[in-house]
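Coordinate analysis (summary)
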Amino acid sequence: MKTHKIPHYILLLFAFTLLSFADPYLIKRITDKEYRYEFYTSDKKITPKENKTYYWFKGGLIHEAQGGIAGDLLDDKFVKMYHNNQLAEQGQFKNGLRIGLWKTWHQNGILATTLTYSNGFRSGKYFRYDESGNLVENGKYSSNLKTGKWSNIESKETVTYRKGLVVKEKETFTRSEKYRIQQDNVRLEEAKKKQKEAEETSDAAKLDGYKAKNKEEKAKKKEEARKEAESKAASKKTAKKNQKDAKLKAKNEPKKESKLKNFFKNLFKKKDKAPE
């Protein structure tokens, strides 16, 4: 049976790789589909801050998260390369946070960006270049926020920032533009004045209409009250007249004899007619 011996250099490389993963203070080398990485780690225990992004190594991969850690912190020099051995990114970490000057390169070796970090925050001037080495964008960061004027050569725009927010700059106009704007404002004010006058006239007409209607309703109610009062007075007058006529009629009629008087009268008549 034929046996194959593993070359010593392969065994040494394998042993070195195992040691690099086991010891946080030895350089680490990992590879993915796009890049190769060389970096150091630290097993130092820290309390992460919520507003900072930390980088750590675990399970053969580099991870990052804001305000959290779940492995050995990246520490000291960091290098990322394309598979053609061309530099892709270079910088330095301290306890999982980016510090100092960081640079990135295009795959053709031309510098792509430069930016300085201070304790995990972007700080200082920022420059971005195209693959031909021409400056495309530049600006400045302060405490991880854009500040001051930022220029973009491609879009030909210049934007001013204050604490990460865009600051609107005052527009500059020529004398003719100023005159045109002034006349536009005059016409606008006149149009507003006319509209206000028309609204006031319309409102005055509505008010007059409401007043006339209210006056008419009051007059109508007053007339109805007058007629009702006249009707009541006429009814009262008629009742009094009827009562007076009844009394007068009763006075002129012959008085009726009382039943008792009629009884005795009839009794006496019967006695007179009785036989002798």
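Residues numbered from 1 in each chain as written. Predicted model: local features only at pLDDT ≥ 70, side-chain atom pairs only at ≥ 80, totals over all residues. Heavy atoms only, no water.

1. Remarks on the nonpolar core
With 18 residues, the main nonpolar core has Tyr37, Phe39, Leu74, Phe78 and Phe93 as its most contacted residues. The residues contacting Phe78, other than those within four sequence positions of it, are Tyr37, Glu38, Phe39, Ile62, Glu89, Gln90, Gly91, Phe93 and Trp102. (Core = buried A, V, L, I, M, F, W, Y, C linked by side-chain atoms within 4.5 Å. Buried < 20%, exposed > 50% of the residue type's maximum accessible area, 1.4 Å probe, protein only. Contact = heavy atoms within 4.5 Å.)

2. Focus: the environment of Lys125
Locating Lys125 in the fold gives a position in strand β9 (residues 121-129). Taking the C-alpha atoms as reference points, Lys125 and Gly139, separated by 14 residues in sequence, lie 5.8 Å from one another. Discounting chain neighbours no more than four positions away, the residues touching Lys125 are Thr114, Leu115, Thr116, Gly139 and Lys140. (Helix = DSSP H or I, 4+ residues; strand = E, 2+ residues; numbered from the N terminus.)

3. Comments concerning the confidence of the model for the chain
In the predicted model, the chain carries a mean pLDDT of 86, and 86% of its residues have values of at least 70. When the criterion is pLDDT under 50, residues 18-22 qualifies, and its contacts beyond four places in sequence or with other chains add up to 9 contacts. (pLDDT = per-residue confidence, 0-100.)

4. Here's the deal with the side chain of Lys80
Looking at the element boundaries, Lys80 is found in strand β5 (residues 72-82). In contact with Lys80, other than residues within four places in its own chain, are Tyr35, Arg36, Tyr37, Leu87, Ala88 and Glu89.

5. Looking at the packing of aromatic side chains
Counted under the stated rule, the structure contains 14 aromatic pairs. On the numbers, 6.3 Å between centres and 65 degrees between planes, the contact of Tyr35 with Tyr37 is edge-to-face. Here the two residues Tyr35 and Tyr37 agree in accessibility, since each one is buried. One aromatic cluster is present, built from ring pairs that chain together Tyr35, Tyr37, Phe39, Tyr55, Phe57, Phe78, Tyr82, Phe93, Trp102 and Tyr117. Geometry around Tyr35 places Lys80 over its ring, the cationic atom sitting 4.5 Å from the centre. (Phe/Tyr/Trp six-rings, centres within 6.5 Å; stacked < 30°, edge-to-face > 60°. Lys NZ or Arg CZ within 6 Å of the ring centre and 35° of its normal.)

6. Re the pairing of β5
Pairing of strand β2 (residues 35-42) with β5 involves 7 bridges; the strand directions are antiparallel. The residue bridging Tyr37 from the neighbouring strand is Lys80, located in β5. In the sheet, strand β3 (residues 53-58) pairs with β5 via 2 bridges, with the strands oriented antiparallel. Paired with Trp56 across the two strands is Leu73, which belongs to β5. One ladder, built from 6 bridges, connects β5 with strand β6 (residues 87-94); its direction is antiparallel. Opposite Phe78, over in β6, you have Gly91 as the bridge partner. Following β5, the chain reverses through 4 residues before pairing antiparallel with β6; Asn85 in that reversal takes a positive phi of roughly 70 degrees. (Pairing = 2+ DSSP bridges.)

7. Brief notes about the pattern of salt bridges
Where charged atoms from two side chains of opposite charge come close, those side chains can pair. Per the stated rule, a full pass over the model turns up 10 salt bridges. Between Glu89 and Lys80 there is a salt bridge, with its nearest N and O atoms 3.3 Å apart. For the pair Glu89 and Lys80, a shared accessibility class is recorded, and that class is buried. Two residues, Asp184 and Arg187, come together in a salt bridge whose shortest N-O distance is 2.5 Å. (Salt bridge = Lys/Arg side-chain N within 4 Å of Asp/Glu carboxyl O.)

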